[in-house]
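Coordinate inspection notes
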Amino acid sequence: MRAAALRGGRMVYRDDVPDPIPGPGQVLVAVRACGICGSDLHFAAHGGKVLEMTNQVAGASGGMHVDLDRDIFMGHEFSAEVLEAGPDTDTHPPGTLVTSLPVLLSDKGVEPIVYSNTTVGGYAERMLLSAPLLLPIPNGLDYKRAALTEPMAVGLHAVNKSNITVDEAALVLGCGPIGIAIIAALKVRGVENIVAADFSPKRREIAAAMGAHLAVDPAQSSPFDAVKATVIFEAVGVPGVINDVLRKARRNSRLVVAGVCMEPDTIHPFFATAKEISLQFSLAYDMDEFSASLRAIAEGDIDVSPLITGEVGLDGVGAAFDDLTDPERHCKILVTP
């Protein structure tokens with residue numbers, strides 16, 4: 001079958017990938033759409049560092065065993081159509097449109113569908129999913145929009161971690177896909193004052209379309225002057241940003257770090273101590289948040305259409321990775337096999 005795989009830091013097109021065969025508890029699906037995630041771009045450029053740090057976190061419990069010298073399959077923001085079930089597996093009938101947490105259960109254990117030499121992800125014609133984790137796409141929701149359930153769940157998780165109330169002001173730093181997802185979740189929660197900040201005019205425009213009441217260019221004025229934020233969401237992932245927030249934030253504010261910084265960073269704890277700032281880090285989501293995000297998109301509470309700025313086939317994934325480095329061109333490109 002056809003697929004796109006990472007080879008030597010570049011996405012390449014293949015038409016010789018073996019068809020996956022579902023085992024017990026697994027379902028073979030045809031991928032309908034898969035979003036390109038910023039974490040995939042980062043892995044393509046810094047795969048060795050990602051694996052090294054991930055395995056340090058995993059420690060003795062295991063880690064990610066990926067050979068960077070072999071082709072690597074990716075793609076974890078997807079919607080798909082059920083084709084057939086594995087042996088002794090009850091699931092939704094063929095033709096059902098579904099999405100799922102990007103996790104594959106097998107006799108080998110639990111494997112995240114994120115970076116793998118063997119488990120094919122959403123940048124392919126077909127892939128395997130776990131029957132117990134499938135969620136049917138409801139309300140006739142378009143499969144392209146359903147593919148954005150996963151990144152929306154990341155934003156919802158960060159907002160849930162903040163414990164923000166509707167009358168508290170929120171400041172979102174960084175309007176890439178994570179920041180935009182946070183803004184969408186804040187809007188659904190009913191937060192009455194949402195301010196976003198990004199250097200990119202295109203991203204500020206999308207932030208406003210997704211629910212930000214004000215979008216600020218940090219090159220022109222400090223976003224901390226634009227709102228007396230109780231909760232600040234850091235969605236940049238660049239060294240120095242956390243410390244800058246601690247220095248500028250109000251007393252008793254809460255900082256939720258959702259941007260993934262892969263480089264060493266330095267903070268001055270005195271800033272946080274002197275102002276009694278609470279610091280919370282956020283990653284991924286749980287099943288309830290994933291389901292809630294799908295429901296919010298299907299019911300029209302979140303319109304993800306402004307995020308979708310491009311679409312490519314499997315032979316265009318490499319070029320799409322390049323295009324996504326320019327924030328003025330794209331926010332989210334979908335791969336539609």
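Refer to the structure above for everything that follows.
Residues numbered from 1 in each chain as written. Predicted model: local features only at pLDDT ≥ 70, side-chain atom pairs only at ≥ 80, totals over all residues. Heavy atoms only, no water.

What follows deals with the overall build of the protein chain. Across its full length, the protein chain carries 10 helices and 17 strands. A compact globule built from 337 residues should have a C-alpha radius of gyration of about 20 Å, and the protein chain, at 20 Å, falls within 12% of that. For the protein chain, buried positions account for 52% of its 337 residues. If you take every contact in the protein chain between residues at least 6 apart in sequence, the share linking residues at least 24 apart comes to 72%. Of the roughly 14,800 Å² of accessible surface on the protein chain, 51% is carried by carbon and sulfur atoms. (Helix = DSSP H or I, 4+ residues; strand = E, 2+ residues; numbered from the N terminus. Rg over C-alpha atoms; globule rule 2.2 N^0.38 Å. Buried < 20%, exposed > 50% of the residue type's maximum accessible area, 1.4 Å probe, protein only. Contact = heavy atoms within 4.5 Å. Areas by Shrake-Rupley, 256 points an atom, 1.4 Å probe, with all protein chains shown as cover.)

Along the chain, Ile-36 falls in the loop between strand S3 (26-35) and helix H1 (38-58). Linking Ile-36 and Gln-26, residues 10 residues apart in sequence, is a C-alpha distance of 24 Å.

Glancing now at the packing of aromatic side chains. Taken as a whole and judged by the stated rule, the model has three aromatic pairs. On the numbers, 3.9 Å between centres and 15 degrees between planes, the contact of Phe-43 with Tyr-115 is stacked. In this pair, Phe-43 is assigned in helix H1 and Tyr-115 in the loop between strand S7 (109-112) and strand S8 (126-130), connecting sequence segments 72 residues apart. There is no split in this pair, since Phe-43 and Tyr-115 are both buried. When the ring of Tyr-285 is compared with that of Phe-290, the centres are 5.6 Å apart and the planes differ by 45 degrees; the resulting orientation is tilted. Taken as a pair, Tyr-285 and Phe-290 share a single burial class, namely buried. If you follow Arg-32 out to its NZ or CZ, it ends over the ring of Tyr-143, 4.4 Å from the centre. (Phe/Tyr/Trp six-rings, centres within 6.5 Å; stacked < 30°, edge-to-face > 60°. Lys NZ or Arg CZ within 6 Å of the ring centre and 35° of its normal.)

If you look at the biggest cluster of nonpolar residues, it comprises 48 residues, and the most contacted ones within it are Ile-182, Ile-183, Leu-186 and Phe-233. Secondary structure elements with two or more residues in this core: helix H3 (149-162), strand S10 (169-173), helix H4 (177-189), strand S11 (193-197), helix H5 (201-210), strand S13 (231-234) and helix H9 (287-298). When residues of this core are assigned to their parent elements, the largest contribution, seven residues, is made by H4. The residue makeup of this core includes at least three contributed by each of domain 1 (3-136 + 304-335) and domain 2 (151-281). When sequence neighbours within four positions are dropped, the list of residues in contact with Leu-186 reads Val-159, Ile-164, Ala-170, Val-172, Val-191, Ile-194 and Phe-233. Core analysis: the second largest hydrophobic core is formed by 40 residues, Leu-51, Met-127, Met-262 and Val-317 among them. (Core = buried A, V, L, I, M, F, W, Y, C linked by side-chain atoms within 4.5 Å. Domains from an automatic or database assignment.)

A word on the side chain of Asp-71. For Asp-71, the location among the structural elements is in the loop between H1 and strand S4 (77-85). According to the relative accessible area criterion, Asp-71 is buried, its value standing at 13%. One polar contact links Asp-71 to Arg-14, side chain to side chain, over a distance of 3.0 Å. Setting aside anything within four residues of it in sequence, one finds Asp-71 in contact with Ala-5, Leu-6, Arg-7, Arg-14, Ser-116 and Asn-117. (Polar contact = N/O pair within 3.5 Å; in protein donor to acceptor, adjacent residues only side chain to side chain.)

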